[in-house]
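So the chains spell out like this:
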Amino acid sequence: MVFRYLGAIFGTLRAEWRQLYNRYFGSIERFDGDAKEICEQIVDKLWEGDFYRTSLGHFDFFWMRDFGTTCESLVKIGRRKHVLHTLRWALLYYRRAGTVTTCVDKAGNCFNAPMHAVDTLPWLLHCIVVSGYELNKSERVFIEKELLKYRKRYLDTSGHVRPIKFAEQRDAVIYDRSAYAVSLVGRMAWCVEQLGLQNFPHPLRKYQSDLIKHYWNGHYFNADRTNDAFSAECALFPFFLGVVEDEALAASTFDYITDNNYDQPFPMIYTKQSKEFHYHFWMTAPFMPEYEGNTLWSWHGMFYLHCLRRYSRPEFEVQRERFAKGMIEQHKTFPEMLNKDGSWYYAPIYRGDPGMVWAGIYVDLATTQ
């Protein structure tokens, strides 16, 4: 137990040190080629024989959320063998630590950054399903124990997300039961059913109903239960994960994004209402101003483009080309995020990271289906 705690502390301190070091002393590797060729090189370089790293910058460790969002695309572009190896590697260290955490470093230290997260276990189960990973008996027992712990920590007795603090995709923000969190729990409910797991009795339809009843405002899914502002991950993830599959709702969301220029200068801006949210103090001004505010995030550009393709929207190819030129080919890498004018993000304690594993999603989007 002592070694587990020491490992978690070491992993966290190392991650924070790399973030600060790379801000002032790190370099950004650039790649030749068009957008797809650049992204293919990044994906290949992130694999070093053991697991997929999160970036070619300071995120040189495994992050369950980032890998989770990219996992299905990695499988589709022919990296299933590496995906399965990554999952086997992560599950080994999760079991040794006795818990599923947001991050695992290359030494096998499991830690949460910036804190425990509501989406970590859902992303793990999502990856297991979409990759066809076959759980052995010990792994299945471990995950079922984690499901029981998850329910006690994050859900009330009826299965709804509790109004407590936890990390999620937009981890700079303190939400009140975000639409993103509800979507991830809904996706996990579906995965549990697909895998035949025990200890999670709540069905997908509970979370579908919750999203429609409490979050849909006629144009998009509100950020959370008490905030009707637009936030990209909350608006897109019900569709990205297939938790909600309503063409009319999806069309309304895409129209809102276009009508309100969330795809300018290319997709897409996190939010234009950054003052409507409450932030953790260390992830906003003066340390990291607008980090998850009005910046252009490649992650959400990917989710948006993925949804456009899924719903056969006519603007998909135009938007993909704009993203390719403005985000990837302009900077010769796959940036984490950019300032709203398309320049690289720099802040006193942070620099946008290069070579994100999300590049795998772009390869999928640029591949003829």
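Residues numbered from 1 in each chain as written. Predicted model: local features only at pLDDT ≥ 70, side-chain atom pairs only at ≥ 80, totals over all residues. Heavy atoms only, no water.

Engineer: What should I look at first to understand the overall build of the chain in this one?
Structural biologist: A tally of helices and strands in the chain yields 13 helices and seven strands. Here the chain has a C-alpha radius of gyration of 19 Å; the compact-globule value for 369 residues is 21 Å, and the two agree. Considering only C-alpha atoms, the chain reaches an extent of 45 × 45 × 45 Å along its principal axes. Relative to its 369 residues, the chain shows a buried fraction of 60%. (Helix = DSSP H or I, 4+ residues; strand = E, 2+ residues; numbered from the N terminus. Rg over C-alpha atoms; globule rule 2.2 N^0.38 Å. Buried < 20%, exposed > 50% of the residue type's maximum accessible area, 1.4 Å probe, protein only.)

Engineer: Which parts of the structure should I look at to understand unusual backbone geometry?
Structural biologist: Comment: phi is negative for the bulk of residues other than glycine, and the bulk of peptide bonds are trans. Following Gln264, the chain continues to Pro265 via a peptide bond in cis, the omega torsion being 0°. Relative to the helices and strands, Pro265 is located in the loop between helix H10 (247–259) and strand S4 (296–297). Its identity is not glycine, yet Arg177 carries a phi of approximately 60°, on the positive side. Its place among the elements puts Arg177 in the loop between helix H6 (137–154) and helix H7 (179–195). In the Ramachandran plot, Lys332 falls in the positive-phi region, its phi being about 60° despite a non-glycine side chain.

Engineer: Quick question: what am I supposed to make of the pattern of salt bridges here?
Structural biologist: Side-chain pairing between opposite charges can occur once the charged atoms of the two side chains come close. Taken as a whole and assessed by the stated rule, the structure comprises 17 salt bridges. Between Lys325 and Glu321 there is a salt bridge, and its shortest N-O distance comes to 3.3 Å. With a gap of four residues between them, Lys325 and Glu321 both fall in helix H12 (residues 316–329), about one helical turn apart. According to the relative accessible area criterion, Lys325 is partly exposed, its value standing at 47%. Relative accessible area serves as the criterion here: at 33%, Glu321 is assigned to the partly exposed category. Across the pair Glu329 and Lys325 runs a salt bridge whose closest N-O atoms are separated by 4.0 Å. With Glu329 and Lys325 both in helix H12, this residue pair falls four residues apart, about one helical turn. One connected set of salt bridges, linked through shared partners, spans Arg14, Arg18 and Asp60. (Salt bridge = Lys/Arg side-chain N within 4 Å of Asp/Glu carboxyl O.)

Keep in mind these numbers describe shape, not what the thing actually does.
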